[in-house]
Amino acid sequence: MPGQPDWLAGGDRQALAIERIHAAAADLIGRNGMGGLTIDQVAAQAGCSRATVYRYVGGKSALRAAVLAGATARVAQLIQRSVAPLSGPERVAQAILAALTAVRADPVAVAFLNASTPQEIDAFLAGNPDLAATALALTGIATADPAAGQWIVRVVLSLLFWPAPDPATERALVERFVVPNFAA
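What you see as residue numbers is a count from 1 along each chain, following the sequence as written. The predicted origin of the model limits local features to residues at a pLDDT of at least 70 and limits the giving and counting of side-chain atom pairs to 80 or more, whereas totals for whole chains, interfaces and linings rest on all residues. Excluded from the side-chain calculation are hydrogens and water; included are all heavy atoms of the structure.

Chemist: Please explain the overall build of the protein chain as it appears in this structure.
Modeler: On a plain count of helices and strands, the protein chain comes out with 10 helices and 0 strands. Reading the protein chain from its N terminus to its C terminus gives the helix and strand order α-α-α-α-α-α-α-α-α-α. C-alpha atoms of the protein chain, sized along the principal axes, occupy 65 × 30 × 30 Å. Relative accessibility thresholds used throughout: buried, under 20% of the residue-type maximum; exposed, over 50%; partly exposed, between the two (1.4 Å probe, protein chains only). For the protein chain, buried positions account for 39% of its 184 residues. A contact between two residues is defined here by any heavy atoms of the two lying within 4.5 Å. For the protein chain, long-range pairs separated by at least 24 residues make up 57% of all intrachain contacts whose partners lie at least 6 apart in sequence. Working note: accessible area of the protein chain is about 9900 Å², and carbon and sulfur atoms make up 58% of it. All tallies of charge rest on Lys and Arg as positive and Asp and Glu as negative; His and the ends of each chain are not included. Charge placement uses NZ in Lys and CZ in Arg. For Asp and Glu, CG and CD serve respectively. For the protein chain, the distance from the average position of its 14 positive side-chain charges to the average position of its 14 negative side-chain charges is 4 Å. Secondary structure elements are defined from DSSP: runs of H or I of at least 4 residues count as helices, runs of E of at least 2 residues count as strands, and each element is numbered from the N terminus. Residue-level accessible areas treat just the shown protein chains as cover; the underlying method is Shrake-Rupley with a 1.4 Å probe.

Printed below as a string of structure tokens:
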């Protein structure tokens, strides 16, 4: 419209559009949950049309997947920073505990876990070979065994859905029952 500033001024239009649309969707998911996300709301919050959302990011499922991938990347970065100076059993425990903290603090991750069926969680998280490999890398476990990575993911999911009464108890459980399996 004449007289209105360009909503994508100042850089690569496609990258800016995608970033802005993803940010709008992430904010809406964090406030309203996964089920409350609509293309109309995303377009309104991003300051664009429905057609622009579809052109740059696809439909609702593609948008949800991209926003969830962004949340997963943010969580992984937080874990990586937390475990960078550590090694051995201390790194394994800290990676798991940092994952719990990061996921619990991320509104998109929380919304996904709250809105997903066990089958969706299993397909996207517990059964995801890329996530299992990332879990192995973040914990510093030196094995190529994908089942070990899936086990770490499942431990984190278990504590997310059935948390211990406090962080100290969670740490004690992880150190006693998980870390010894990977100490070798």
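Here the narrative resumes, following the displayed structure.
Chemist: Help me understand the packing of helix α4 (residues 60-83) against helix α6 (residues 107-115) in this model?
Modeler: Axis angle and axis distance: for two packed helices, these are the angle between their axes and the distance between the axes, and together they describe the pair. Axis definition: a line fitted to C-alpha atoms, limited for helices to the stretch in contact. Angles are taken between N-to-C directions and run from 0 to 180 degrees. The geometry of α4 relative to α6 is characterised by a closest axis approach of 9 Å and an angle of 120° between their N-to-C directions. Looking at the two axes, α4 sits oblique to α6. As α4 runs across α6, the sense of the crossing is left-handed. Here α4 contributes Val67, Leu68, Ala71 and Arg74 to the contact with α6, which in turn contributes Val108, Ala109 and Phe112. Convention used here: angles under 35 degrees read as roughly parallel, angles over 145 as roughly antiparallel, angles from 65 to 115 as roughly perpendicular, and any remaining angle as oblique. Here is the rule for handedness: rotate from the far helix to the near one, and if that takes an anticlockwise turn smaller than a right angle the crossing is left-handed, while a clockwise turn gives right-handed.

Chemist: Just to check I follow, could you spell out the pattern of salt bridges for this structure?
Modeler: Pairing between side chains of opposite charge can happen when the charged atoms of each approach one another. Salt bridges, as used here, are contacts in which a Lys or Arg side-chain nitrogen is within 4 Å of a carboxyl oxygen on Asp or Glu. Counted according to the given criterion, the structure contains 6 salt bridges. Ionic pairing is found between aspartate 106 and arginine 74, a salt bridge with its closest N-O pair at 3.1 Å. You can see aspartate 106 sitting in the loop between α5 (88-105) and α6 and its partner arginine 74 sitting in helix α4, a full 32 residues away along the chain. The exposure class assigned to aspartate 106 is buried, which follows from its relative accessible area of 8%.

Chemist: Just checking my understanding: could you explain the nonpolar core for this structure?
Modeler: Proteins that are soluble and globular tend to have nonpolar side chains buried together. Val42 and Leu63 are the most contacted members of the largest nonpolar core, which totals 56 residues. The leading source of residues in this core is α5, at 10 residues. Once residues lying within four places of it in the same chain are set aside, the contact partners of valine 42 are Ile21, Ala24, Ala25, Leu28, Leu37, Val53 and Leu63. In this description, a nonpolar core means a group of buried Ala, Val, Leu, Ile, Met, Phe, Trp, Tyr and Cys residues linked to one another through side-chain atoms lying within 4.5 Å.

Spatial relationships are all this shows, so hold off on functional conclusions.
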